[in-house]
Amino acid sequence: VPGPVIRLGLGDTLRARVRNDMQGDTSVHWHGLALRNDMDGVPPLTQDPIAPSSDFVYEFVADHPGTYWFHPHVGPQLDHGLYGT
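Residues numbered from 1 in each chain as written. Predicted model: local features only at pLDDT ≥ 70, side-chain atom pairs only at ≥ 80, totals over all residues. Heavy atoms only, no water.

Colleague: Is there a simple way to explain the pairing of strand 1 (residues 13–19) in this structure?
Modeller: A regular strand carries its side chains on alternate faces of the sheet. Only one face of strand 1 is covered, namely the one carrying Leu14, Ala16 and Val18; the face carrying Thr13, Arg15, Arg17 and Arg19 has none of its residues buried. In terms of strand pairing, strand 1 meets strand 3 (residues 55–61) through seven bridges, oriented antiparallel. Directly across from alanine 16, in strand 3, lies its bridge partner tyrosine 58. (Buried < 20%, exposed > 50% of the residue type's maximum accessible area, 1.4 Å probe, protein only. Helix = DSSP H or I, 4+ residues; strand = E, 2+ residues; numbered from the N terminus. Pairing = 2+ DSSP bridges.)

Colleague: I tried to follow the packing of aromatic side chains on my own but got confused; where do I start?
Modeller: Any aromatic ring pair is given by two values, namely how distant the centres are and how the planes are angled relative to each other. What the rule picks out here adds up to five aromatic pairs. Ring geometry for tryptophan 30 against tyrosine 58: centres 5.7 Å apart, planes inclined by 75 degrees, an arrangement best described as edge-to-face. Here the residue tryptophan 30 occupies a position in strand 2 (residues 29–31), and tyrosine 58 occupies one in strand 3, the gap between them amounting to 28 residues. Owing to a relative accessible area of 7%, tryptophan 30 belongs among the buried residues under this scheme. (Phe/Tyr/Trp six-rings, centres within 6.5 Å; stacked < 30°, edge-to-face > 60°.)

Colleague: How should I be thinking about the side chain of glutamine 77 in this particular structure?
Modeller: Structurally, glutamine 77 is set in the segment after strand 4 (69–71). Setting aside its immediate chain neighbours within four residues, glutamine 77 contacts Met22, Asp25, Thr26, Pro72 and Leu82. (Contact = heavy atoms within 4.5 Å.)

So this is what it looks like as structure tokens:
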């Protein structure tokens, strides 16, 4: 805890395949980044949750310099250490 650091340069493309091996739904919200809704990770508002035993691919261009963090937007998963920078 926390999860691994993801480092991108300005203009780089992030492509992250998320495999949900937990018993409940999950998501990844890229906190503070202005993204397309389908990459924003806020179920049920901007995407469907990632169901158990399912995958979802997040892909977007890092076009806003800064330091950000990522975390799920489902239940108490953040409180259990599912987050990173």
